[in-house]
Amino acid sequence: MPTAVAAVACLLSTSALTRLFDGTMWWFGPVLIATIVAVATAAVGRQLRLPLGLGLLLSLVGFIGCVTVLCARATAVLGVLPTPETVRTLRALIADGGSDISRLATPVPHRPGLVILTVTGVYLTVVAVDLIVVTLQRPTLGGLPLLALYAVSAAILPGGVGLVPFVLGAVGFVALMVLDGRIAFGRWGRSVPAMPWQLENGPLGGRITVSALAVALAALLVAVTVPAGLPSLDGTGLVSRKGGYGAGDGPSSASVVQPIVSVSQQLHADTEVPLLSVRTNTPRYLRLTALENFDGQLFTLRALNATRDNRVSRGLPKPGIVGSTVETTAAITVTDRFNELYLPVPGTPTKIKGLVGDWRLAAPTGTIFSTRTSTAGANYEVDAVAPNPTQAELQASSGQVPADLAIDTALPSNLDPRLRQLLDTLTRNARTPYERVYAIQEYLRGPRFTYDLDGAPTTREGALAEFLFDKHVGYCEQFASAMTVLVRMLGIPARVAIGFVPGERQADGSYLVTNRQAHAWPEVYFPSAGWVSFEPTRRSDGETSAPAYAPAGAGDPDGTLPAPGTDSEPTPTLAPGSGPLPVPTTGPAPGSTDSPAPDADGTGTDAAAGIPSWAVGLIVAAVLGLMLLAAPAALRRRRRRGRLRPGPAPPGGQRDPGQVHLAWAELLDVAADLGVTIRPSDSPRAGVARLAAYLDAEPAGGLSDAAPADASPTTFPEARAALGRLAAAEERARYAPPELAEVPQPAEVTRDVSVVAGVLWSVAPRGRRIIGRIMPPSVFRRGEGDPGGAGTAADRLRSAVASRRRGGDEPAGDADPSDRGARDQAAVEPRDRQPVGTGSRPTDH
């Protein structure tokens, strides 16, 4: 069945996405539901014989309903019908997903924005594959949209999609090619039954089938094994046995462009994972790198460049730190779960021992990185220094900002104008650059803001203003980014550092650092001290205390010291003649009893306590599954009513042979539903002989309750007579010239079909009758459409494509598909071409 093959191929190809995500069911469940909805809507459109445009519109409606239920049901009517609030929620989720793509490293954790993007991509892929495979009947071309799923993974994952997804995808492509072969074979006509010598090889079929399977398996084996032996850039083959990105001396220079760095990924992970073990007497923040580029929405890393002279193995330069410093030594052991390109160090390293691989220092950001080695399994000892200025030193700091730090003061021109007014209000009482920076830190550490991993705004457009003026809820990324932007607005260089807090002390004296200790903090440049760290975040676990040179002030819940250089706490006051403080209170303040805003996924607080998303998705999938199970029986009833309904009278008083073809097709479907084997190559007489033999094998008797409602009680002789009349009518309609056919009246043909069907249903075993009613096999027979129809737009499009492929030798479409079936059957039945005379009865032969 082409629809089922296309759906299975799509699901198998989604395995290419498994290595992109951390976990399975949070993304595969919605993808499975989306695939079912896409296939179901396309199948319904075909069964209703909708034009191609309306069929695609129906698929679009299914997509809207699917994403509404999966991602924003709390904003929809009855959880399904979208509202304007649903549109806003989905747009916000799409923006969040785009932001997550740019920030998160693989495997990415559960993020609602990524769910809607994944569902959208897979849904559109399924619609495209179904259109090509089923409507246009070009299964091999249907593999092209599936390549998009593999292209995404191959472009992002350094190790490729993996062996299992590759094999599963290959199975799907082979299934499409087998289907294409069957369709191409079917265009030549109906198949003649296999001869005895073709069945000698058992259940796998004849020799040709076995040979084809052997070729396919051999090709698949070669495609899997050969790449392992081909040379690659690191000389280990395309399937490298080395971890990470390899190791070695490397070229003369190395560069990393825009790596994906995200504290959010670590903090939002479902489980706590040990990453580092640190032994030190002076625990400090472990720094990975610093983000300097700001585009108005998020901070990213500038391109890191280092030559072979900057290799750590050749020694590290002397730190250019002016003023007071603190020295630290740490022995760091990295687990295999921490696979990064950036080396965690406690400050500015001066010496590193035991480090293996091509690690280089990017001096502008103080980042030690590698493009060929990862941190997984590293074990090294590092000596480092970090600035430790006093408040007096920072108060007295002055001098020119180096020209190469222009990137650390750059800001986009489209910042929210309220930021400037807020900054002026916060720093109006500050006299020095240090006091201005400190005032910003204390404002963010004040009681107005709340540390929360779940309620934080994302990095979509306007997220910074949303954090500062509306929600006041976030985690370290929001706090660090907000302070860095405000400090840059003062003309002071600032950047966002990424790393870890010191971790938890263990019984053996070491410090365990997990993904829960991932952190971001601002670094501010002072000419007399260098890059100095500040801490605007008050984590709920208390691991982010303010530094000694910028202690918690009176406005900080963690401290009561007054702000340096002031006589009062740094609470903002109104400037003379200014308007109100630009901090609107549209959102609930911390501790307020007001209802919170809906969550990013559109479920809201109330929805979180109700039916979970997975349960709703499961219910929807179950309903769709029941609809799919009921579809064959409904289609069979619709087909039967359409065939037995008398058509319009043809012009000129001639009788329409099409009604006879419809009646004969209905008789064949009844036989198929009851398990009576009538080969496609059988002539009408041979088919009648098989049905008569079936009746003779059953005890004579009247109709049972299994007979159709429109069938009147009859005897077996009457059924045999009706069979004879149907066979004669079909032979005349099929083989005789139109002027000599003399087909019977439509009412007579309809009555004969009802009589024969009633008797056949009455003698069939109960189990066969149940299967024939609930899941009629005739619906799944290949190439058996509803004869007599004019065809939909999809039929005409498919016929046009087929005609072009044949070179235009045949017309673009058949007005009557049953005529095409008759021609096909006639092509394999030369011995039955002799027309039956008018009024003649078929004889047994």
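Our subject is the structure listed above.
Summarised in this report is the structure supplied together with it. Since the model is a prediction, treat every value here as computed from it, not as a measurement.

## A short note on the packing of aromatic side chains
With the rule as written, the count across this model stands at 15 aromatic pairs. Note on F63 and Y123: the rings are 5.2 Å apart at their centroids and 50 degrees apart in plane angle, and the pair reads as tilted. Of this pair, F63 sits in helix α3 (residues 52-71) while Y123 sits in helix α5 (residues 112-135), and the two are 60 residues apart along the sequence. Across this residue pair, the class does not change: F63 and Y123 are buried. With a centroid separation of 6.1 Å and 35 degrees between ring planes, the pair formed by Y434 and Y438 is classed as tilted. Note that Y434 and Y438 are positioned in helix α12 (residues 433-444) at a spacing of four residues, about one turn of the helix. Of the two residues examined, Y434 and Y438, each falls in the buried class. Cluster of aromatic residues (ring-pair linked, three or more members): F21, W26, W27 and F28. The aromatic ring of W531 is capped on one face by R495, whose charged end is 3.8 Å from the ring centroid.

## Observations concerning the side chain of T125
The topology assignment puts T125 in helix α5. A polar contact of 2.8 Å, which involves the side chain of T125, links it to the backbone oxygen of G121. Apart from residues lying up to four places away in sequence, T125 is in contact with P145, L146 and L149.

## Some words on helix α18 (residues 684-696)
Under the 1.5 Å per step criterion, the end-to-end length of α18 is 18 Å for 13 residues, consistent within 8% with the ideal 18 Å. Restricting attention to buried positions, one finds in α18 the residues P684, A686, G687, V688, L691, A692, Y694 and L695. Where α18 is buried, its residues touch α17 (657-673), α19 (716-735) and α21 (746-763).

## Overview of the sheet that holds strand β14 (residues 494-500)
Judged by pairing direction, the sheet is antiparallel, and its four strands sit side by side in the order β3-β14-β17-β18 without closing on themselves. One side of each edge strand has no neighbouring strand; the edge strands of this open sheet are β3 (286-291) and β18 (530-533). With direction set aside, neighbouring strand axes in the sheet form an average angle of 35 degrees. Sheet contacts for helix α14 (residues 476-489): β14 and β17 (518-526); angle to β17, the most-contacted strand, approximately 15 degrees.

The rules behind each value
- Residues numbered from 1 in each chain as written.
- Predicted model: local features only at pLDDT ≥ 70, side-chain atom pairs only at ≥ 80, totals over all residues.
- Heavy atoms only, no water.
- Phe/Tyr/Trp six-rings, centres within 6.5 Å; stacked < 30°, edge-to-face > 60°.
- Helix = DSSP H or I, 4+ residues; strand = E, 2+ residues; numbered from the N terminus.
- Buried < 20%, exposed > 50% of the residue type's maximum accessible area, 1.4 Å probe, protein only.
- Lys NZ or Arg CZ within 6 Å of the ring centre and 35° of its normal.
- Polar contact = N/O pair within 3.5 Å; in protein donor to acceptor, adjacent residues only side chain to side chain.
- Contact = heavy atoms within 4.5 Å.
- Expected span 1.5 Å × (residues − 1).
- Pairing = 2+ DSSP bridges.
- Axes fitted to C-alpha atoms, helices over the stretch in contact; angles between N-to-C directions.

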